[in-house]
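Coordinates in review
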Amino acid sequence: MELVTDKKILTKGNYAIANAAVMAGCECYFGYPITPQSEIGEFMSGKMQELKRAYVSAESELAAINMVIGACSTGKKAMTSSSSCAVALMQEGLSYAASDELPVVLVSVMRGGPGLGNIYPSQGDYFQATKGGGDGDYKLIVLAPSTVQECADLTYKAFYLAHKYKNPTVLLADGMLGQMMEPVVFKDYPYPKVDNSSWALDGANNRDGRIIRSYAPSAHNQCEFLQKLHQKYKLIEENETEWEEIGTDDADVILVSFGSTARNAKIAAKMCREKGLKVGVLRPITLFPFPSKRLSELSKQGKKFISVEVNMGQMINDVKLAVKDDVKLINKPVGIPPAPVEIVKQIEEYYASF
Amino acid sequence: MQVFKIPEVFREDMKYTFCPGCDHGVAVRLVAEVLDELGLKEDTIAVASVGCSVTIYDFLNLDTIEAPHGRALAVATGVKRAKPDKFVFTYQGDGDFASIGLAESMHSALRGENLTAICINNTTYGMTGGQLGPTTLMGQVTTTSPMGRNAEYYGYPIKITEHVALCDGTAYAARVSLDTVANIKKAKEAIKSAFDVQLKGLGFGFVEILSTCPTNWRMTPEKAHERVRNEMMPVFKPGVYKDIRG
Amino acid sequence: MKNYIVIDDTRCKACYLCVNECPRKLIKVSNKTNKLGDRIVEFDDKDGACLGCAMCATRCPDMAITEVHRG
């Protein structure tokens, strides 16, 4: 596979992510294979060596995430990629990285769970990504692409936000996005360089040794630290919340949907419009920070909400918290997203219930 | 002439927080002496681990990252691959290196990561109160082997250095003891060699240091050294197990 | 010049490893106590017998013997 820098090509989401990571200046990749994201590691293994950057076929996902932690402690752009049951193995590392305030980038391409599950697409790791499976009070920045183009664009953004906020950042794709092909253009990395000279480990030259640690034997210090950490999360919520809205102004019902599923939600909303039903779509692009404030505003205008997801209903909890109202769920437990006609059918039933 | 002083790499006014008589203090000092002698302070990134070893960053004035339990060598791999021109070492206990972190440790040696691992073997989990660990000797009483270690329930202790020496990526592997002043001097030479192979770019350097845990062994520091000599050294035989420098 | 050692009382944890290590038996348990109330050691060399061998400092796990001077 060649590195694509300046032309439009037809490629898989996984290759788009990997290509964009290299373009974003990712200097270190560490990973362990798992379907449906193995193309990322395959692409990186060759490309990183060609470019004389760091690549390790890690012995496990535990090792991979900790290698990223080590590389990030030096201020370098570093990443790993994995999927569901293997991202579960990385939760310890993500908790440490959040506490250490390290710019770890994780690409999580969701498959069916729980357990080994299967390799069908899924959105069953919304909780895993946004609520955290590691210990303690921490948040990851979570970006959810909906197209192959966004897989590339949000990969750039993941590196930028991770370094800007010194916070582990997840690109949360799914097996469908990872495997499907779409046209994509790779622009130059659009974000400014983030200065890390005040904290990165580089050898204690004419200064005291810096310590990157999470061990906090003093309860008092830990209270202060957590307050500070959560001020940062608040800042991220204020500055970085991103979403897409289609036809929400006059809508009675708004479909809230992210990732590949949002594509079908959009088609369904359009079909509803043709039937005279005023349906709009709100697609969260950042899952943390979640567009709660916007959902709350729309709710105050008397609109109703339906969460469309490929899981048993996870994001719906955040929608409910935001709109402070009953929210309907249209879901499919696992697999490719529910077909637009199926979504439309359930929306019609929903209208009929009033 | 001053023949002994506190190494310069220590933080100003530091005081060890180890228990009285604990050999960790000697091991950290030897690492510090070698860092001083090789002039490495400003080029070093250290990796601390979980256990009593976690506190090294309170003592050594080095850029240091603390790894999750068992992951020191994965973190060190990341550091070294990101910054190949830096000197990178881990300071770990036997539980960290050879139990929870065995996969990370062995694979770092197998990959021939150009870094150095220092592993303190005191046959117990010291920080948590003296439980059975991967190096607990047969018959040894700990808080989780109240009748002594037996093969039926616990299996056998791991001979770490022998395993590390078997890895093709290992450039230097030695086991040393801190039971006598003579052996302390040998230990320092071994640490220097394990650092030297990294500086020469030869691969993985490893030193296993037999040390005491008087508190959890319920022994005086003096008796603890006798135990190292009489019980540990016959099983964990000191020596240089691999040195590709010839 | 006399050989001598310097002991930092605040670092001594009263493990007494140095007491037996000294080939001339010049380090003794004193009447002074540390923060925990344990009696710490002192250097007692009225006859100038210290060899300046630094075995005590090499042995001390707490760097309580902060300096050793020879000649």
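A quick note: this is a predicted structure, and the numbers were derived from the prediction, not measured.

About the cut-offs
- Residues numbered from 1 in each chain as written.
- Chains lettered and ligands numbered in written order.
- Predicted model: local features only at pLDDT ≥ 70, side-chain atom pairs only at ≥ 80, totals over all residues.
- Helix = DSSP H or I, 4+ residues; strand = E, 2+ residues; numbered from the N terminus.
- Rg over C-alpha atoms; globule rule 2.2 N^0.38 Å.
- Buried ≥ 20, exposed ≤ 12 C-beta atoms within 10 Å, placed from the backbone.
- Contact = placed C-beta atoms within 7 Å.
- Nonpolar A, V, L, I, M, F, W, Y, C, P; charged D, E, K, R; others polar.
- Pairing = 2+ DSSP bridges.
- Right-handed = clockwise from strand over helix to strand, strands pointing away.
- Domains from an automatic or database assignment.
- Axes fitted to C-alpha atoms, helices over the stretch in contact; angles between N-to-C directions.

Structural notes on the overall build of chain B
- Check the secondary structure of chain B and you find 10 helices and eight strands.
- Computed over C-alpha atoms, the radius of gyration of chain B comes to 17 Å, within 12% of the 18 Å expected from 2.2 N^0.38 for 246 residues, which places it in the range of a compact globule.
- Along the first, second and third principal axes, the C-alpha atoms of chain B reach 50 × 45 × 35 Å.
- Residues classed as buried in chain B amount to 62% of the 246 residues present.

Quick notes on the overall build of chain A
- A tally of regular secondary structure across chain A gives 13 helices and 16 strands.
- Against the compact-globule benchmark of 20 Å for 354 residues, chain A has a radius of gyration of 20 Å, which places it among compact chains.
- For the C-alpha atoms alone, the extent of chain A along its principal axes is close to 70 × 50 × 40 Å.

Looking at the interface of chain A and chain B
- Contact with chain A, which involves 35 residues of that partner, is made by 30 residues of chain B.
- The set of elements that each furnish at least two residues to the side of chain A that touches chain B consists of β2 (28-31), β3 (54-57), α3 (61-73), α5 (91-100) and β10 (211-212) of chain A.
- The element contributing the most residues to the side of chain A that touches chain B is α3(A), with nine residues.
- When its residues are assigned to classes, the side of chain A that touches chain B shows 17 nonpolar, 10 polar and eight charged.
- As paired elements, β10(A) and strand β3 (residues 63-66) of chain B share two bridges and run parallel to each other. Considered in β3(B), the bridge of Ile211(A) is made with Thr64(B).

A short note on the pairing of strand β12 (residues 253-256) of chain A
Residue and element names in this part refer to chain A.
- Going residue by residue along β12, you find Val-253 and Leu-255 tucked away on one face and Ile-254 and Val-256 tucked away on the opposite face as well.
- In this structure, β12 lies alongside strand β13 (residues 279-284), joined through four bridges in parallel fashion. Bridging from a neighbouring strand, Leu-255 pairs with Val-281 of β13.
- Tracing the backbone out of β12, into helix α10 (residues 259-274) and back to the parallel element β13 gives a crossover that is right-handed.
- Alignment of β12 against strand β15 (residues 304-309), held across four bridges, turns out to be parallel. Its bridge partner lying in β15, Val-256 is registered against Ser-307.

Looking at the interface of chain B and chain C
- Contacts between the two partners involve 20 residues from chain B and, on the opposite side, 22 residues from chain C.
- For the side of chain B that touches chain C, the secondary-structure elements that each account for two or more residues are β1 (2-4), α1 (24-38), α8 (181-199) and α10 (221-235) of chain B.
- Here the side of chain B that touches chain C is composed, by residue class, of 12 nonpolar, three polar and five charged.
- Note that β1(B) and strand β4 (residues 65-69) of chain C share two bridges and pair antiparallel. Among the inter-strand pairings, Gln2(B) is bridged to a residue of β4(C), identified as His69(C).

Focus on unusual backbone geometry
Residue and element names in this part refer to chain A.
- Cis peptide bonds are those with omega within 30 degrees of zero, and the linkage from Thr-35 to Pro-36 qualifies with 10°.
- Position of Pro-36 among the secondary structure elements: in the loop between β2 and α2 (38-50).
- A cis amide bond links Gly-113 with the next residue in sequence, Pro-114, at an omega value of 0°.
- Inspection of the secondary structure puts Pro-114 in the loop between β5 (105-112) and β6 (118-121).
- The phi dihedral of Asn-206 is positive, around 55°, even though this residue is not glycine.
- With respect to the secondary-structure elements, Asn-206 resides in the loop between β9 (181-185) and β10.

Observations regarding the arrangement of the chains
- The interface with the most contacts, out of two pairs of chains in contact, is the one formed by chains A and B.
- With no contact formed, the shortest span from any C-alpha in chain A to any C-alpha in chain C equals 21 Å.

Quick look at the domain arrangement of chain A
Residues and elements named next belong to chain A.
- On domain assignment, one finds that chain A holds domain 1 (8-194 + 227-239) and domain 2 (244-352).
- Computed from C-alpha coordinates alone, the two centres of domain 1 and domain 2 are separated by 26 Å.
- Listed per partner, the contact involves 25 residues of domain 1 and 21 residues of domain 2.
- Among the elements of the structure, β6, α6 (126-130), β7 (141-143), β8 (169-174), α8 (175-179) and α9 (219-240) are those that each provide at least two residues to the side of domain 1 that touches domain 2.
- Grouping the amino acids of the side of domain 1 that touches domain 2 by side-chain chemistry returns 16 nonpolar, six polar and three charged.

Overview of the sheet that holds β4(C)
- Strands sit in the order β1(B)-β4(C)-β1(C) across an open sheet of three strands; the sheet is antiparallel. On the outer flanks of this sheet lie β1 of chain B together with β1 (4-7) of chain C, each paired with one strand and no other. Going from strand to strand, the sheet's axes swing by 25° on average, the running direction of each strand aside.
- One ladder, built from four bridges, connects β1(C) with β4(C); its direction is antiparallel. When the bridges of β4(C) are listed, Ile5(C) appears paired with Val68(C).

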